[in-house]
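# Chain and residue survey
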Amino acid sequence: MAGACDGKVALVTGASRGLGKAIAQRLAGEGAAVALTARTLEPDPKYHGSLQQTLDEITAAGGTAVAIQADLSKSEDRERLFAELVDSLGAPDILVNNAAVTFLRPLDEFPERRARLMIEMHVLAPMHLTQLAIPAMRERGRGWVLNITSVGGDLPEGPPFSEFDRTAGFGVYGTVKAALNRLTKSLAAELYDDGIAVNAAAPSNPVATPGAGTLDLAKTDTEDIELITQTALTLVTADPKSMTGRIAHTQPFLREIGWWR
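Note that the structure is a prediction, hence the values are computed from the model and not measured.

Bringing the overall build of the protein into the picture now. Helices and strands together make up the secondary structure of the protein, namely eight helices and seven strands. Whereas a compact globule of 261 residues would reach a radius of gyration of roughly 18 Å, the protein reaches 17 Å, a difference of no more than 12%. Residues classed as buried in the protein amount to 49% of the 261 residues present. In the protein, the proportion of contacts linking residues at least 24 apart, taken out of those at least 6 apart, comes to 71%.

What follows covers the environment of E120. Here E120 shows up in helix α4 (residues 112-140). When the C-alpha atoms of E120 and R80 are compared, they prove to be 17 Å apart, with 40 residues separating the residues in sequence. Contacts of E120, omitting those with residues within four sequence positions, involve S73, R78, A125 and P126. Polar contacts involving the side chain of E120 include one to the side chain of R78, which spans 3.1 Å.

Glancing now at the packing of helix α1 (residues 18-29) against helix α2 (residues 51-60). Packing of α1 against α2 leaves a shortest axis separation of 10 Å and a crossing angle of 25 degrees. Looking at the two axes, α1 sits roughly parallel to α2. Between α1 and α2 the crossing geometry is right-handed. Contacts from K21, A24, Q25 and A28 in α1 reach T54, E57 and I58 in α2. Looking at the contact of α1 with α2 residue by residue, the class counts come to three nonpolar, two polar and two charged.

Here the focus is the pairing of strand β1 (residues 9-13). Counting buried positions along β1 gives five out of five residues, so the element sits mostly inside the fold. Sheet topology places β1 next to strand β2 (residues 33-38); five bridges connect them, and they run parallel. Considered in β2, the bridge of T13 is made with T37. Bridging between β1 and strand β4 (residues 94-97) involves three bridges; their strand directions are parallel. Each residue of the ladder has a partner; that of L11, found in β4, is L95.

Conventions adopted
Residues numbered from 1 in each chain as written. Predicted model: local features only at pLDDT ≥ 70, side-chain atom pairs only at ≥ 80, totals over all residues. Heavy atoms only, no water. Helix = DSSP H or I, 4+ residues; strand = E, 2+ residues; numbered from the N terminus. Rg over C-alpha atoms; globule rule 2.2 N^0.38 Å. Buried < 20%, exposed > 50% of the residue type's maximum accessible area, 1.4 Å probe, protein only. Contact = heavy atoms within 4.5 Å. Polar contact = N/O pair within 3.5 Å; in protein donor to acceptor, adjacent residues only side chain to side chain. Axes fitted to C-alpha atoms, helices over the stretch in contact; angles between N-to-C directions. Parallel < 35°, antiparallel > 145°, perpendicular 65-115°, else oblique. Left-handed = near helix turned anticlockwise from the far one by under 90°. Nonpolar A, V, L, I, M, F, W, Y, C, P; charged D, E, K, R; others polar. Pairing = 2+ DSSP bridges.

Rendered as C-alpha cells:
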C-alpha cells in the first residue's frame, strides 16, 4: 500500500477505537508502518474495540502494523512502548498523541486523583512521547507530531455563560486540552529549526465514536470521522516549514486547504 506516508513509521496512541483507530487506519492505508498502542489488547465485552481488532483490520487491508499494549498514564510504560516500537519498526517519523481519559464533573467536587490522571494523559504523556521521538527526528531532519485536541480547549464565552458551560462538567477536560494546545505551540517553536512539525487537530463538531457516543452532545450536530482523518493526514505529511504550530479545527482547516466546503 503506497501513498502519502509510504516508507514512514507512525505511532498512534489510543488506537483501539474511535479517532485513534480511524487515524491509524488512514495512515496505514497511505503506506505507513503503524505502531498501535492502547490499554486494551484483546477484545473485551466491557469495551468497544481493541488493539487486536485494529491490527487485524489494517493487515487484512494489506497494511503494516504492530500492536503494543501500554498504559500511557505510567512513565515506565511509555519508555517500554517506545523501546519496543524502535525494536520492531524503527523510530517513528510520525507521532499521533490521541490517547485520552475523560471524567466530566463540576469543579467544586472534582476528585484530585482524577484530575491528576487527566493531566498525565492529556499533557505529560504527549510531552514525554514527543521527547522520546525528538532525537531520531532531529537526526533525520524531519518529523511530524500531531496532538489530538478539542474545541473544548477554547475559552468559554460569557458572561452570560451558556447552559453547557454552566452544567456540563467540562472544566478539567477543557483545561487539559488548553494546556495541550499551548504545549503544541511551544514545541512547534522550539523544534522549527530541526524540521519537526508539531500541530494539533480537533473535530469542529462531535464525532459519534464508541467513547464519545454515550454523551448527549455527540448525538446531534455531529460530523463524519473522515474530516479528522483527512486533517490528520494533511498535518503529518505537509512541509514542516510551512505547516506547524497549527491548532486546526477540522471544518475551517479543510475549507482553507480546499478539501471541504
